[in-house]
Each structure stands twice: as structure tokens, then as C-alpha cells.
Amino acid sequence: MATNIQGNSIERAPIGVFDSGFGGLTILRDIRRALPHYDYLFIGDNARAPYGTRSRELVYEFTLQAVKHLFAQGCHLIILACNTASAEALRTIQQRDLPHIAPTRRVLGVVRPTVEKVGELTRTGHIGVFGTPGTIASGSYNIEIEGMYPGYKVHGHACPMWVPLVENRESSGDGADYFVKKDISLLLDDCPEIDTVILGCTHYPLLIDKIHKHMPPGVKVVQQGPIVAESLANYLQRHPEIESHCSRGGTCQYFTTEDPDHFSPLASVFVNEPVQARRVIL
């Protein structure tokens with residue numbers, strides 16, 4: 001998939017985007033809106049999803065397999081469009097694996113760009129995080145936010161029913177109202193001072209209408225897609241040595257570890273356009 005640009009011998013390839021399942025497609029959608037001229041290669045590890053209930057060791061193992069596969073396709077830059085993978089595997093891959101397997105290539109996540117943004121939004125210093133059990137248990141947002149903004153308090157709340165609601169296409173139904181309202185109430189009852197809430201799972205933007213409906217006025221809701229897209233644009237500007245390896249054809253290829261006939265229809269809902277995926281074995 002990499003192409004050799006004759007004359008300067010620069011190998012160019014798509015930007016890789018990886019997720020444990022479908023949710024990362026919301027990140028990909030917003031990245032493509034902001035940076036439509038690049039090529040993208042998306043992999044969803046749907047056959048082994050969800051990652052949110054997996055051990056840290058398995059999340060790391062599965063994520064590294066995907067990273068190595070995307071490198072083999074020529075990708076010089078990979079976005080882990082998955083909060084669980086970003087929380088539990090990214091740092092190890094960056095610090096331990098990249099220096100040995102691909103020292104000139106980069107893997108980025110979605111947690112840090114989100115954390116950088118919330119500092120501009122909160123006034124009380126009390127920040128809520130909705131996420132999968134794995135993301136909340138990892139404490140990744142607590143570590144990042146409290147490290148970047150000493151004195152801020154993070155209040156995590158796991159929402160185990162939100163992803164199944166989205167993947168079973170129930171995000172507009174009464175069941176979604178029940179669970180979204182319940183989880184918002186539980187979070188804010190725990191700390192009424194919360195004025196900013198991070199949607200720390202890439203599925204959750206598909207519940208945004210319900211979230212806005214039940215969130216009290218004055219509480220800001222932070223969606224990751226636009227933030228990650230803005231951060232990526234800035235990163236490419238600051239790192240021409242990486243940007244020069246990103247091909248520019250405006251294309252997007254989709255791969256899944258599951259049956260493509262099952263993946264493609266639901267993936268189309270996430271990206272708001274037809275998807276024709278192919279199967280990949282990691």
C-alpha cells in the first residue's frame with residue numbers, strides 16, 4: 001500500500017487508524033472532515049472486541065499486533081482511536097517497542113489531546129469522565145489530568161451499557177434514555193461541582209443527543225473526535241518528517257478482523273457513508 005515517490009525516494013502510505021471495534025470510526029470521521037486530502041487505513045479488531053473488559057496484558061498484545069500490521073502496510077503514523085488501547089497500551093508501545101521495531105515511526109492516542117483541551121473548559125476544576133470499565137479502571141484520565149493540572153479532581157464513571165446500546169442500534173430508543181439519564185445522575189450526585197464531562201469512549205458520540213437531553217445546563221460535554229482531529233493537524237504541521245510520508249489521495253480503506261458483511265453496515269452508521277470493508281488477520 002506504500003508508494004515510492006521517485007526523485008526523492010520518500011515512501012508514502014496512508015495514516016493508520018486502529019480501534020478495538022466500531023467506536024474509533026467516530027474519530028476517523030472527524031479526522032477526515034478536518035484533513036480530507038490524506039489517505040487512511042482503518043482496522044477494527046471486532047473479532048476480539050470489546051477491549052474494555054480485557055486485561056491490560058491482552059490489550060497491549062492485541063494493540064501491538066495491529067500496530068505491527070499497519071507498519072507492514074507502510075504506515076508511518078498510527079492513531080490509536082480507542083480509549084482503552086490508548087490508556088493501557090500506548091505508553092508501553094511508544095517507550096519500549098518503537099525504538100526497536102520502528103524508531104522513525106509514530107503511534108499517537110486519544111487520551112492526551114482530550115486532557116489538554118479540558119483545561120481550557122473547566123472553571124471548577126472538577127471533571128467527570130464517562131468510559132468503559134477498562135478505561136475507568138486504568139485511571140488514565142486521572143493520571144493525565146492530575147499530572148497536567150495539579151489540583152484538578154477527576155471523577156470517573158463506567159457506563160457498561162452504552163456501547164451495547166450503540167452497537168445494537170438502540171441509541172435513539174427509550175432504553176438509551178434510561179441508561180444515559182441514570183449514569184449522568186450517578187456521576188453528578190457523586191460530585192455536583194462537575195462542570196465538564198469527557199466522553200471517554202469513541203462510541204459515545206452516537207449517544208450525544210441523549211446526553212445533551214439529560215445533562216444539566218452549564219455542564220460542558222467534551223467529544224474527542226474534533227479535538228483529536230485538531231491535534232493531529234497541529235502534529236503534522238510540527239513534524240514534516242512524518243507528514244512527508246503520508247500519502248494524499250483522499251481515500252479510506254476499511255479492514256476488520258470479523259466478517260466484513262457484518263461490519264460494513266454498522267460501520268456505515270458511524271461514518272455516515274457507505275463502507276465496504278475487507279477482512280484482515282492480525
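Residues numbered from 1 in each chain as written. Predicted model: local features only at pLDDT ≥ 70, side-chain atom pairs only at ≥ 80, totals over all residues. Heavy atoms only, no water.

**Digging into the sheet that holds strand β11 (residues 252-256)**
Then comes step 1: Taken together, six strands build an open sheet; the order of strands is β6-β5-β3-β4-β11-β12 and the sheet is parallel. Strands with a single pairing partner mark the edges of an open sheet, and in this sheet they are β6 (106-108) and β12 (278-279).
Then comes step 2: Summarising the sheet, strand β5 (residues 77-80) and β6 pair through three bridges and their orientation is parallel. By the bridge assignment, isoleucine 79 is partnered in β6 with leucine 108.
Then comes step 3: Contacts from helix α11 (residues 224-238) reach β3 (15-19), β5 and β6 within the one sheet, and its direction differs from that of β5 by about 160°. (Pairing = 2+ DSSP bridges. Helix = DSSP H or I, 4+ residues; strand = E, 2+ residues; numbered from the N terminus. Contact = heavy atoms within 4.5 Å. Axes fitted to C-alpha atoms, helices over the stretch in contact; angles between N-to-C directions.)

**Considering the packing of aromatic side chains**
Then comes step 1: Scanning the entire structure with this criterion turns up 10 aromatic pairs.
Then comes step 2: Here the aromatic rings of phenylalanine 42 and tyrosine 254 are separated by 6.4 Å at their centres, their planes lie at 55°, and the arrangement is tilted. Of this pair, phenylalanine 42 sits in strand β4 (residues 40-44) while tyrosine 254 sits in strand β11; the two residues are 212 residues apart in sequence, bridging distant segments of the chain.
Then comes step 3: Here phenylalanine 42 falls in the buried class, since its relative accessible area comes to 0%. (Phe/Tyr/Trp six-rings, centres within 6.5 Å; stacked < 30°, edge-to-face > 60°. Buried < 20%, exposed > 50% of the residue type's maximum accessible area, 1.4 Å probe, protein only.)

**With respect to the environment of isoleucine 93**
Then comes step 1: If you trace the backbone, isoleucine 93 turns up in helix α4 (residues 90-101).
Then comes step 2: For the pair isoleucine 93 and leucine 199, spaced 106 residues apart in the sequence, the C-alpha separation amounts to 24 Å.
Then comes step 3: Beyond its immediate chain neighbours, meaning those up to four positions away, isoleucine 93 contacts Tyr60, Thr63, Leu64, Val67, Leu98 and Val107.

**With respect to unusual backbone geometry**
Then comes step 1: Cis geometry marks the peptide bond from alanine 49 to proline 50, where omega comes out at 0°.
Then comes step 2: Assignment of secondary structure puts proline 50 in the loop between β4 and α2 (56-72).
Then comes step 3: Even without a glycine there, the phi angle at asparagine 272 is positive, about 60°.
Then comes step 4: Structurally, asparagine 272 can be placed in the loop between α13 (260-271) and β12.

**As for α13**
Then comes step 1: Over its 12 residues, α13 runs 16 Å from end to end, which matches the ideal 16 Å to within 8%, given 1.5 Å per residue.
Then comes step 2: Inspection of α13 places Pro260, Phe263, Ser264, Leu266, Ala267, Phe270 and Val271 among the buried residues, and these make up the whole buried set.
Then comes step 3: In this structure, the buried side of α13 is in contact with α1 (24-34), β4, α8 (162-167), β11 and β12.
Then comes step 4: Between a side-chain oxygen at the N-terminus of α13 and the backbone nitrogen of aspartate 261 the separation is 2.9 Å; the capping residue is aspartate 259. (Expected span 1.5 Å × (residues − 1). Polar contact = N/O pair within 3.5 Å; in protein donor to acceptor, adjacent residues only side chain to side chain.)

**Some words on the state of the cysteines**
By definition, a disulfide links the sulfur atoms of two cysteine residues through a covalent bond.
Then comes step 1: Evaluation of the coordinates by the stated rule reveals zero disulfides.
Then comes step 2: You can see cysteine 191 has no disulfide; the closest cysteine sulfur is in cysteine 159, sitting 16 Å from it. (Disulfide = S-S within 2.5 Å.)

**Details of the pattern of salt bridges**
Then comes step 1: Scanning all chains against the criterion turns up 11 salt bridges.
Then comes step 2: The salt bridge partner of arginine 29 is aspartate 30, with a shortest N-O separation of 3.7 Å.
Then comes step 3: We classify arginine 29 as buried; its relative accessible area is 16%.
Then comes step 4: Shared partners join several salt bridges into a network, and the residues in it are Arg91, Arg112, Glu116 and Glu144. (Salt bridge = Lys/Arg side-chain N within 4 Å of Asp/Glu carboxyl O.)

**Regarding the sheet that holds strand β7 (residues 126-131)**
Then comes step 1: Spatial strand order, β8-β7-β9-β10: four strands in an open sheet with parallel pairing. Where the open sheet ends on each side, the last strands, each with one partner, are β8 (153-158) and β10 (220-222). Between one strand axis and the next, the sheet turns by 25° as a mean value, whatever way the strands run.
Then comes step 2: Looking at chain direction, β7 and strand β9 (residues 196-199) are connected through four bridges and run parallel. Bridged to glycine 128 within β9 is valine 197.
Then comes step 3: Each of β7, β8 and β9 touches helix α7 (residues 140-148); the most contacted strand, β8, lies at about 165° to it.

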